[in-house]
Structures are given as structure tokens and as C-alpha cells.
Amino acid sequence: MFTGLIQHIGKISDIKNSTQGKTITVSVDIKTFPEFNNVKTGDSIALNGLCTTVISLSGNTFTVNLMNESLKRSNLKYLERSNPINLELALNANGRFNGHIVQGHIDTVGTIQKITTDGFSKVFSIQADTKYIVEKGSITLNGVSLTVSYVENSLFEVSLIPHTLQNTTFQFLKEGDFLNIEYDILAKYIEKFTFFKDNNFVNNSSQKIDEKFLLENGF
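Conventions adopted
Residues numbered from 1 in each chain as written. Predicted model: local features only at pLDDT ≥ 70, side-chain atom pairs only at ≥ 80, totals over all residues. Heavy atoms only, no water. Salt bridge = Lys/Arg side-chain N within 4 Å of Asp/Glu carboxyl O. Helix = DSSP H or I, 4+ residues; strand = E, 2+ residues; numbered from the N terminus. Buried < 20%, exposed > 50% of the residue type's maximum accessible area, 1.4 Å probe, protein only. Pairing = 2+ DSSP bridges.

Caption draft 1: Fine view of the pattern of salt bridges. Counted according to the given criterion, the structure contains seven salt bridges. A salt bridge links Lys188 to Asp107, with the nearest nitrogen and oxygen atoms 2.8 Å apart. Taken together, the residues Lys188 in helix 3 (residues 185-195) and Asp107 in the loop between strand 6 (84-89) and strand 7 (108-118) connect sequence positions 81 residues apart. For Lys188, a relative accessible area of 22% puts it in the partly exposed group. Asp177 is the salt-bridge partner of Lys174, the closest N and O atoms lying 3.3 Å from each other. Residue class for Asp177 comes out buried when judged on its relative accessible area of 17%. The network of salt bridges with common partners includes Asp14, Lys16 and Arg81.

Right, here's the structure in full:
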């Protein structure tokens, strides 16, 4: 599990493509990312929010495999050598939980429509499926835990303070770029519990949440 708090901006140093997926090597600056000294083969590390497994280490670099399913769901398929990438190590069981529950499972990719300035913050307007997005709810974009400030139809917005911009790859993003999206897992479970009963799907149009429904479901 992750928290959505980026620890370091790494750099893609090598990419090997095959019909089975991609093998990516990432370099880090150990001086500014001393936690990397504790990383070992088999550890989990999130790349732009995607949970991957370290398959090898060498000096200040590590290598991961990206299967086709991961590439299909994420923006990692667009990566090129020298591209910056957000990194977060998996949360230790005794670690401090500062963000929100992030699994490292990318749901879809959104597109940046507009970037504007509001005071000292930058507002990113993103086009995506907003089915699981609510205003003031949590969302993970490129591995960064953020709060949704606005949502309507297929567009939502997030606002980033200077600290977040300076310590993530958001500082390099521009309109038209793609963002990895992980929806809040709670929203997906609520939908499952609400519209499935005894393993049978209940059509949204025929299912309504009223007093009877709440009593039947233990509320």
C-alpha cells in the first residue's frame, strides 16, 4: 500500500520493449533519496502511481517489468529515456499514514485540458471518466494524493500548492499530457455493495437508496 506522498523524482535511464511488455530502469539521486539504500530485490515501488516490483538493483538504479495490462491502463507506455517519474516506496506497517489509501492500481488515464493559476496554486483541469469522483474527495494522479476541487460531467479539477509542484513531476506537465488516475477504492466498493446483491447485478434504474434499502442492508 502507498500514501500518495511522492518521495523522489527519478529518471528513466533505459527502456527495453518486447511483445511481453516493457522492462524499465530508473535512476535516482541517493543523496536526496537516502531511503533507496534500504531497497532490495522484490520490494514494491510506485512509478507514477503504478505499483511495480524491483527485479534488480545496481548502484543508484533499479529495474522493473511492466506487463501489457499495466501499460494498457497507464501512461507508462508513453515513457521515454530521460523522462522524470514520481517514486514512492511501499508504506511500512509501522509507518505514518499521511495521504489516503493508495493501492498502486491504475484505473484509467486522464488528459490535462487546462492549467491555470489561482493565487499561489496551480489548477489542473483534467478530462476523464468522473464516475467515481466527488468534489472534496480524494484522488491519486501520477501517484500524488490530491483533493478534488471541482467536478462536472467528464471534467474535474485539482489545485496544487508550490510544495507539491516542486517535489513531483507536475512541475513538468503541460496541457495535453496524460495522467495516471487511481480512484478512491472506497467509491468502487460502495458501488459494488449498492448495486450487487447475492452476486446478481441490480440495474441502476431500478435500484434506489431509501429507508427500506438501508434497513435491508444493515444500516
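Caption draft 2: View of the pairing of strand 8 (residues 121-127). Extensive coverage of strand 8 is indicated by the burial of five of its seven residues. Bridging between strand 7 and strand 8 involves seven bridges; their strand directions are antiparallel. Pairing of Thr116 across the sheet is with Val123, part of strand 8. Where strand 7 hands over to strand 8, the hairpin turn is made up of two residues, of which Gly119 adopts a positive phi near 65°.

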